[in-house]
Amino acid sequence: MIELTDVGLFSHGMALLAYLALAVAALSRQRGTLNIWLAAAALATAAWAGSFVATMLVDPGFQIWISRFQTVKIGAWIGLLLYLLRPAWLGGEGNDRTAFWVGGVLGFVLALQLVIDLAGAGQDSLIGEGNVSASFFLVLRIAVSVTGVVLSHNLFINSREADRSGFRLMAIGLAGLFLYDLNFYTLAFLLPPGSPDLYNIRGAVDAFLVLLFLFSTRDAWVKGARVSRTVAFQTVAFSGVGFYLIAMSLLAYALKLVGGNWGVLLQVTFLFATAVVGAVVLVSDQVRARLRMSIARNFYRYQYDYRAEWLRFITTVSAPGEAAALPVRVVQAVATVLDARGGWLLVPEEDRLQALANWQMPDSQPQAIAIDSPLVTWLAAGDRVLDLDLIRAGEAMSPPPLPEWLAADTRFWLAVPAVNRDNLAGVLLIGRSLVPRKLGWEDEELLKTLGRQAGSYIAESSGQAALEEAQRFEDFNRRFAFILHDIKNLVSQLSLLSRNAERHADNPEFRADMIETLKVSVEKMNALLAWLSQRAGGGTGDDQEVPIAGLLRQLVKSRQAAWPSLSLNLPADTPQIVRGDGGRLEQMFAHLLQNAMDASPAGAPIRIDLAVAGSDVVVTLADRGHGMSARFIRQELFQPFHSTKAGGFGIGAYEAREIARAHGGRLDVASREGEGTSFTITLPLARPPGRMAHGISKPAVLAGEEQA
């Protein structure tokens, strides 16, 4: 037998006194069922510690009872855990069959340990004698310790928030008790014999846990815990893995015993192979689906945790991604509820349902289904889930006839209508589940609810697509309106050119200017057509460096014949470079200049000034026309398609302001009726000059440009 020391006597003496005190405290505070269970477990632990003390002080023959009372002690604590978790194990309303099996299996394991103990193999297992019964006994000890840790984990995780403080103490104490045993017996099994130090000090470890158990006896802290389905799945899965590894370790140990010289090789090979097989099984979707369904049927009153399913559905559908992927997410959200392999979404298009999106079933695209077919009529009218397998087997009650291709394609299991406001927004064809199952009333009700929600998402997606299409048409029409305005300006220039051609057609210089003007006009019209064909709006077009001074020179040169009193004043020493679309910027200045010419009497001066203010370039276009009122500027000037000029489109000023904004700038207006108007365009410089960070550079009238 394992050696007992004075340290062990002291530690187990502490445990004896501590657990006797715990039993008295539990019974004195409240004579409720919980405290009775706690007192029983404390007394069993005290008996275990007392057997150690009696062995040291009274009779060494009592040592065989230490292991036996250890079995009783563990059984008592397991019983307390099962009592605390009974609402979940009983399915909420008393599914006694499940509770019977849980308690029965654990009771059988503990009874088997006690039988082996009574046969005298319990203490022998700790001294490394190597017989099969002793090794089997250690395996049982490890299995029970694993079970205790798992149940303690459940107790901690699944208590209500209001009860969490008390259960945290109880669960931590029980987990500590079982984890110490698990460590001790695992080392004894893998590296025999058992450690005398761990064996003797165990009493002190258990004694320290009494404080946790003592504070957990308050009634407000311990009113029952509920095990969530996720934790139940994890518990069963990890427990299964633990027991699987224990069983495989036992078989590997048997191979070592019978294998002779090849025993170690066979043991290592077998353990590696079983670990690989276990990992493959653990990550198998089909195995996980079977396990989830088995837990739901045997441990809970209802098959689904509806709150969790709803949150999962919403999370899947609203996941970040492109709007075009929404139909795929809708199929995924519905299919995963039933652990289906995939599915398709069919939506109305003209007079039939057409396949729109699929999830994990790309090779099984369904054919179109007529809107007036019996199947679609049945789904739209009844808002019911259709089990296609029942129709194929002839077991459905008054089913609609299926299309031939759907009746023959057994990859599809269910047809779920997606209804939005009593209108059929689509039909979900769901593939087969990973686990063969029959559709129950809970499945149908949940699928109908999800189908209605899916219908709203599908309808919203269709509405969004229609809105985006309308926006594209609106953008095209808006571009077209701007282009018509620009073409009007080009027509005005060409009309002036044609009138002058009648008088100056024989002049070679005029013919050269006419050809150049025609070329520029053609280039501008081609640029306008290219801009019209762009699909995306809201940007600045080509992003390049644009010399504002050169652009204004070219603009003034093109208008010098029509308006001789037009002047351009440029800074003498500072380059004015901005980033953007040169063509659009030229349009902006051309619109403002044309408005100034239209608003001014013939021969009135129009002045364009260019200056630099810090990191901005400032262009001011001033005329001495009839001016505008403050009300007109505020309410009408920038209103598109509103013009006070005969034949005007009313979008020149509006387009100029939008071009300035698109380039990161702004357009300001100052005007007085009868005195004239000043437009100020401010644009950010591409390379702000450091030496001109403050103030405005003084413009200088360049030679040949004062009267352009």
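Not measured: the values here are computed from a predicted model.

Our focus in this paragraph is helix α9 (residues 196–208). A maximum bend of about 40° is found in α9 at Arg202. Where α9 is concerned, the buried positions are Tyr199, Asn200, Arg202, Gly203, Ala204, Asp206 and Ala207.

All chains considered together, the criterion is met by 16 salt bridges. Between Asp443 and Arg437 there is a salt bridge, with its nearest N and O atoms 3.2 Å apart. With respect to burial, Asp443 and Arg437 carry one shared label: buried. Three or more residues joined by partner-sharing salt bridges are found here, namely Asp389, Arg392 and Arg432.

On the surface, a cluster of negative charge is contributed by Glu509, Asp513, Glu516 and Glu523. Inspection of the secondary structure puts Asp513 in helix α20 (residues 508–533). Note on Asp513: relative accessible area 52%, which makes it exposed.

To continue, consider the sheet that holds strand β6 (residues 423–431). Spatial ordering of the open sheet is given by β3-β2-β1-β6-β5-β4, a layout of six strands whose pairing is antiparallel. The open sheet is flanked by β3 (369–370) and β4 (386–387), the only strands paired with a single partner. Where strand β2 (residues 352–359) meets β3, two bridges bridge the pair, whose relative direction is antiparallel. Across the sheet, the residue bridging to Arg352 is Ala370, located in β3. Against the sheet, helix α15 (residues 326–335) contacts β1 (343–349), β2 and β6, and its axis sits at roughly 75° relative to β2.

This next bit is on a nonpolar patch on the surface. Taken together, the side chains of Leu57, Val58, Phe62, Ile64 and Trp65 define a hydrophobic patch exposed on the protein surface, amounting to about 480 Å² of accessible area. For Trp65, the location among the structural elements is in helix α3 (residues 64–84).

Quick look at the nonpolar core now. Generally speaking, soluble globular proteins have nonpolar side chains that are buried together. Of all hydrophobic cores here, the largest spans 58 residues; its most connected members are Tyr19, Trp77, Leu174, Phe178, Tyr199 and Phe213. Elements that contribute at least two residues to this core include exactly α1 (6–29), α2 (33–57), α3, α5 (96–118), α7 (132–157), α8 (164–190), α9 and α10 (210–215). Those residues in contact with Phe213, other than ones at most four positions away along the chain, are Tyr19, Leu22, Leu38, Trp77, Met170, Gly173 and Leu174. Membership of the second largest hydrophobic core comes to 41 residues, among which are Leu570, Val578, Met588 and Val612.

Take the packing of aromatic side chains next. Evaluation of the coordinates by the stated rule reveals nine aromatic pairs. A centroid spacing of 5.9 Å and a plane angle of 25° characterise the contact between Trp310 and Phe313, whose relative ring orientation is stacked. Here Trp310 and its partner Phe313 are both found in helix α14 (residues 306–317), three residues apart, which amounts to about one turn of the helix. Exposure remark for Trp310: the relative accessible area of 33% places this residue in the partly exposed category. Of the aromatic side chains, those joined through ring pairs into one cluster are Phe52, Phe184, Tyr185 and Tyr199. Against the face of Trp65 rests Arg68, its NZ or CZ located 4.8 Å from the ring centre.

About the thresholds
Residues numbered from 1 in each chain as written. Predicted model: local features only at pLDDT ≥ 70, side-chain atom pairs only at ≥ 80, totals over all residues. Heavy atoms only, no water. Bend = angle between axes of the 7 residues up to and from the residue. Helix = DSSP H or I, 4+ residues; strand = E, 2+ residues; numbered from the N terminus. Buried < 20%, exposed > 50% of the residue type's maximum accessible area, 1.4 Å probe, protein only. Salt bridge = Lys/Arg side-chain N within 4 Å of Asp/Glu carboxyl O. Patch = residues over 30% accessible without salt bridge, like charges linked within 9 Å, V, L, I, M, F, W, Y side chains within 5 Å. Areas by Shrake-Rupley, 256 points an atom, 1.4 Å probe, with all protein chains shown as cover. Lys, Arg positive; Asp, Glu negative; His and termini not counted. Charge placed at Lys NZ, Arg CZ, Asp CG, Glu CD. Pairing = 2+ DSSP bridges. Contact = heavy atoms within 4.5 Å. Axes fitted to C-alpha atoms, helices over the stretch in contact; angles between N-to-C directions. Core = buried A, V, L, I, M, F, W, Y, C linked by side-chain atoms within 4.5 Å. Phe/Tyr/Trp six-rings, centres within 6.5 Å; stacked < 30°, edge-to-face > 60°. Lys NZ or Arg CZ within 6 Å of the ring centre and 35° of its normal.

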